Every structure is written in structure tokens, then in C-alpha cells.
Amino acid sequence: MTSDPGQEEARSYPPELHLLRDLALDVEHRADGTSAAWLKVVPELLDDTGAVRAGVFATIVDMIGGGLSAQTAAPNWIATADLTLHLVGRATRGTVEAVARVLRAGRTTVVIEVSLRSVDGPLGIATMTFSVLPRRDDNPVLNLTPAAPRTSLVLPGSGFRAPLLAELGVTVVDAAAGVVEVPVIDYSRNSMGALQGGIVALAIDVAAEQALRAACGTPVRVSDVQVTYLAFVRGTLRTSTEVVAASPGFGTALVDVIDVDAETRRTTTARVVATKDV
Amino acid sequence: MDLDVQRAQRAVTQYFGVEQHEIGDYANGEVIIEGIAPVQPHLLGAAKSGIRSGALLAMIDHVGGLTAGLAALPEGWVVSTNLSLRIATLDHAGPLRIRAEVLRRGRAAVVIRVRATDDGAGTRTVADAVLTSAVLVPETGPPQWQRPASTVPAPCEDPQPLEVWLGVRADGDAVEMDVRDDLRNPWGILHGAVVASLVDLAAEHAVGAITHAPVATADVVLHFLAPGRVGPVTARAEVLGERADGHVARVEVRDRGADNRVMSVATATVRGVDRGK
């Protein structure tokens, strides 16, 4: 039998060296239609205040929500249309649990809600909308068993070798202006070959945090993101940030993401809040 | 179904007083709507220094919705699927200028960015929002619009506070209202702007019960999951936690007359009106 290269690629996603493997998530699809994931808090995920940053949660949420929505939309495939995250706590140790459930399963969209908890209590809530797309040969093939035991993408040798932002190649070009660049590398691609939606949110987190720290004059951290995805990022990502409100306790910024290799096309737009105590 | 958008939106347009004008190059496919909204006394929030957040949400949904609808023509019209908004300041001199433009026009969905600025405060940003809508084709075809589109509301005949106008009543830890005919959108379901207002009222009701002080919603993410057709409609908020910028609450809106079906789920941040601007 001749092997279809697209199918081969689909089966091999994610590659051996990939963020989704290094995050070492355990994932469980439950008989009640929910999915759960557990993330071990490791030093490489912590920011300069010693807590896991919002962008990491966005990545987990995107991953678990994507899995559940793909299962819901099967045999069609899905793409993240928007992602929102509101945090009410900090994760500094132990394990973070994310539980996803379907709010709406429509013909063209699937809406997912994810609740997040740390060992110290509730962490926050996230919602996502996924667009339902016709299946292509190169989309990953899912195991559609309704209830699956805990699985993991971890391979021997998986695990961070450097802090997360360094692994992803995140560069702060201008902190006060909130300009950040991220290359698209195999390590951070999604199944469509573009930058993972969670990594786009992570770049937005870093950009807004830098700009709002400068504007607020205090070490605020990102607590909310409202991300709208307009197009995939296939070339180098670059952010531009506008601070619209800033006080010592919290601030608000608008972040746009462009693909510098696609005629600076705007790919994503986001509203971000950073606060001093989350 | 005959989709008479202008008739269906009359009550909402009149109450919120938003004048809308198309300013984009529509002949070349560009759709931009600019809304002008005076800061009217019946729309003021608890601090009396600006428009209450529920009204601002409704205005943004309203202007964004018209923009999305015009962008969907001639194939169809739209129904809102989700609205994400962050309010930058609760103080408004007015009038507010609400500009909506198309970020993405797909086959099945239209994404609109809406920004409200304050003409009376040096065009300061008041709020930034994104409204996503699904494109649907009415049985009788899409509505007809004269372009450039323009709507100028008659003066509000019933300038009561938002909760009074909507007929919202407290029901323990929830708020509730009936689905009046004048609050339905062109599809015959409860207007998205009204649902957004109800979410705001529910979130403020829940957080106000904790703080016992005037509060205002500063941030809302609202997913419209199913239509509100029958009523009464109940919105209940669960407070998830507190931060420097306020309390975060999850709000669930249900249509009690339709098997208590979940209509909408929202996340809102509500803060004391004296906590930063």
C-alpha cells in the first residue's frame, strides 16, 4: 500500500521535539464529555515573579480545548477563532488542573469552557470558539474513543532545556512599546504548520506585560486576555501594543499581531489586562 | 420570515440613542459604521459620571451588529455569536463616538472591531471590543438597505434607568426579565444588546451583594449559545475571585420558558466605581 505523505505527516504530529511534548501534559477524555489535563509546574514555566504566566495557561487551554472541539466536530477539523482567559489566582507550585466542557456544538462553531485550578485553589476560567473546517488529508487522525485513560505526548527525552520564552525564541524588541517578535519554528507549529494559537497568546501576554509594567510603574502581570484570531501566523510574529489605561494597580492594553513575512498582515487582535496581585 | 431590521431595532435604538452613519467606501466593499451616542441621564451608572457598562455594551453590540449585517450582504444577514469588551474608563463627558469596522469577512462568520472614544475628553479611548457574528440566510432573503446606511433615532420616550426599562427584577441571587416583543431583534429573539445589558446587571448584582458599595462592569466576554425566545430569562452570576481591578464573575443566562435552556455564558470583571478609572 502506498503511503499518503499528508497522512504520514498528520500521524507524526507533533514532532519529537515540540512544545506540546515538553509541557508534559497528562490528558484524559471522560465519558461525561469533558476533558481534563494536568500540568506540572516546573521552573522553566515561571516568570520573574515566580508564577506561571497567563500565556502558558492559554497554551494549555488551547490544547485541551482544541482536542475536545476536534472530537466534537469530527470527522471535520477545527481552528481556534477566539480565546479568552480570566485569572483569579497564581500557580507557583504543584500541578495545575484544567477541565474543559462543550458549551455549544454547532454546525460551524464549537464553544468550549475551561476551568483552571492549582493546588492552592481556583486559578481562573477560559472560553474558546473554534471554527469547524472541512477535513483535509493532512489533519491529524484522532482516537475517537469517548472515554480514554490518561494519555501523554511525552517521549523519552521530552522536557524543557531552557526557560519557555527562550525555547520559543521570544525576543522583546521594545519593552515600553510592547513590541515582541517570535519566529515560527517546528517546535511551536500547530497541525496546520502555523504558529500554535496558544503561543500567539503567549506573545501577546509578554508584549502587554512589558508595556503595562512601563506604563503602570509596577510589576503587574497579565490576568486577562481576549484574543481574536483572524489568520494563521506562518512567518515571524511581531506585536504592536497600545496602552489605553494604566494605574499602579492595573492597566489595559490592546495588542495587534502581524505576520512580518506576509506583507505585515494583521493576524490577531487582543485586549489584555494586567494586575499587580495575580 | 420577513427580516425588518429597522423596525425590530427601533425600541433599542431609541432607548440608547445611538445615531449610526455609514462612512466607509461601501461601493468598493468597505463597511465602516460610526455611531454617535450622547451621554444621557437615564443611561448613567452608579457613580453618575458616565454611561453604565450595560448600556455601553448594548451600544457596541448595536453598532457592531449593523456593521456585521451590512458586511454579510448580499448573501445574508447576521446573528451575534460572541462579544468581548474591555472598558478603559468609566467616566465619560460625551458624546461617545463608536466606530465599527470589519476585521474579517468569512463565508460563515464576520468579525467586527468596535472602538468607543469620548469626543468630550480629547477622543480618549472608552472601550475596545470585538463582535463575532454568524452569517445566516433568512427564508425571505436578506434585508434591503439603502446605502450609505444611516439611522437616526427619535428621542427616547421612556427615559427610565436601564433595569426599569428592561423590566429587570431581582430573584434572590439572580436577575430576571420577560421577553417583550419590542426587545426582540429582527430574527424574533431577544436582542443581543439586551442580553449584554442583562449580563452586566447580573454581574453587578452579585458583586454588589459582596462589596455593599457601588460597582461597575469593566470587562465582559459573552458567548451567545442559543436564542432567547420565550422567557422569563434569568441571569445568575457566580463570583470566582477578586483581584486589584475587581471581582471576576461567571454569568449564565437561561430561558426558563424554553426548558431552562442556557442562552449565554459570560465572564465579567466588576469593580468598585472608586477603584481607578
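Residues numbered from 1 in each chain as written. Chains lettered and ligands numbered in written order. Predicted model: local features only at pLDDT ≥ 70, side-chain atom pairs only at ≥ 80, totals over all residues. Heavy atoms only, no water.

(A) Up close: the interface of chain B and chain A. With 35 residues of chain B at the interface, the matching set in chain A holds 35 residues. Overall, the association of chain B and chain A removes approximately 2900 Å² of surface from exposure, summing both partners, and the carbon and sulfur fraction of that is 60%. Per-residue buried area on chain B facing chain A is highest for R86, L225 and R243 of chain B; these three make up 20% of the total on that side. Of the charged contacts in the structure, one is a salt bridge between E113 of chain A and R250 of chain B, with a shortest N-O distance of 2.6 Å. (Contact = heavy atoms within 4.5 Å. Buried area = accessible area lost by both parts, 1.4 Å probe. Salt bridge = Lys/Arg side-chain N within 4 Å of Asp/Glu carboxyl O.)

(B) Focus on helix α3 (residues 54-73) of chain A. For α3 of chain A, with 20 residues, the first-to-last C-alpha span of 27 Å sits near the 28 Å given by 1.5 Å per residue. The buried fraction of α3 of chain A amounts to 18 of the 20 residues, a majority that puts the element mostly inside the structure. (Helix = DSSP H or I, 4+ residues; strand = E, 2+ residues; numbered from the N terminus. Expected span 1.5 Å × (residues − 1). Buried < 20%, exposed > 50% of the residue type's maximum accessible area, 1.4 Å probe, protein only.)

(C) Representation of the nonpolar core in the model. Among the nonpolar cores identified, the biggest contains 83 residues, and F16, I60, L70, L166, M177, L190 and V251 of chain B are the most heavily contacted of them. Broken down by element, this core gets its largest block of residues, twelve residues, from helix α3 (residues 53-72) of chain B. With residues up to four places along the chain from it excluded, the contact list for V251 of chain B reads V199, A202, A203, A235, R236, A237, S264, V265 and A266 of chain B. If you look at the next biggest cluster of nonpolar residues, it comprises 74 residues, including A91, V206, L212 and C216 of chain A. (Core = buried A, V, L, I, M, F, W, Y, C linked by side-chain atoms within 4.5 Å.)

(D) Spotlight on the environment of D32 of chain A. Residue and element names in this part refer to chain A. When you line up the elements, D32 lands in the loop between β1 (26-29) and β2 (35-40). Given the relative accessible area of 57%, D32 is considered exposed. Each C-alpha atom, one on D32 and one on R101, is 9.2 Å from the other, the two residues being 69 residues apart in sequence. Side-chain polar atoms of D32 contact the side chain of T34, separated by 2.7 Å. (Polar contact = N/O pair within 3.5 Å; in protein donor to acceptor, adjacent residues only side chain to side chain.)

(E) Main features of the packing of α3 of chain B against helix α5 (residues 192-211) of chain B. All names here are of chain B. It is at 8 Å that the axes of α3 and α5 come closest, and there the two elements cross at 155°. Accordingly, the angle class assigned to the pair α3 and α5 is roughly antiparallel. Relative to α5, the crossing made by α3 is right-handed. From α3, S53, G54, L57, A58 and D61 reach across to α5, where they touch G192, A193, A196, S197 and D200. Considering only residue class, the contact of α3 with α5 consists of four nonpolar, four polar and two charged. (Axes fitted to C-alpha atoms, helices over the stretch in contact; angles between N-to-C directions. Parallel < 35°, antiparallel > 145°, perpendicular 65-115°, else oblique. Left-handed = near helix turned anticlockwise from the far one by under 90°. Nonpolar A, V, L, I, M, F, W, Y, C, P; charged D, E, K, R; others polar.)

(F) Spotlight on the packing of aromatic side chains. Tallied over the full model, the rule gives four aromatic pairs over all chains. Judged by centre distance (5.0 Å) and plane angle (85°), the rings of Y15 of chain B and F16 of chain B are edge-to-face. With respect to class, Y15 of chain B is no different from F16 of chain B; both count as buried. For the pair Y15 of chain B and W165 of chain B, a centre-to-centre distance of 3.9 Å together with 0° between the ring planes defines the contact as stacked. With Y15 of chain B in helix α2 (residues 10-16) and W165 of chain B in helix α4 (residues 162-166), this pair connects stretches of sequence that are 150 residues apart. Classification of Y15 of chain B as buried rests on a relative accessible area of 1%. W165 of chain B sits in the buried class, given a relative accessible area of 7%. Sitting over the ring of W38 of chain A, R150 of chain A keeps its end group 3.5 Å from the ring centre. (Phe/Tyr/Trp six-rings, centres within 6.5 Å; stacked < 30°, edge-to-face > 60°. Lys NZ or Arg CZ within 6 Å of the ring centre and 35° of its normal.)

(G) Local environment of unusual backbone geometry. Look at the link from A74 of chain A to P75 of chain A: it is a cis peptide, with omega at 10°. Examined against the element boundaries, P75 of chain A turns out to sit in the loop between α3 and β3 (77-87). In this model, A24 of chain A sits at a positive phi of 55°, which is unusual for a non-glycine residue. In this structure, A24 of chain A sits in the loop between α2 (19-22) and β1. A relative accessible area of 33% places A24 of chain A in the partly exposed class. With phi around 60°, K48 of chain B is a residue other than glycine that occupies positive phi space. Taking relative accessible area as the criterion, K48 of chain B reaches 59% and is therefore assigned exposed.

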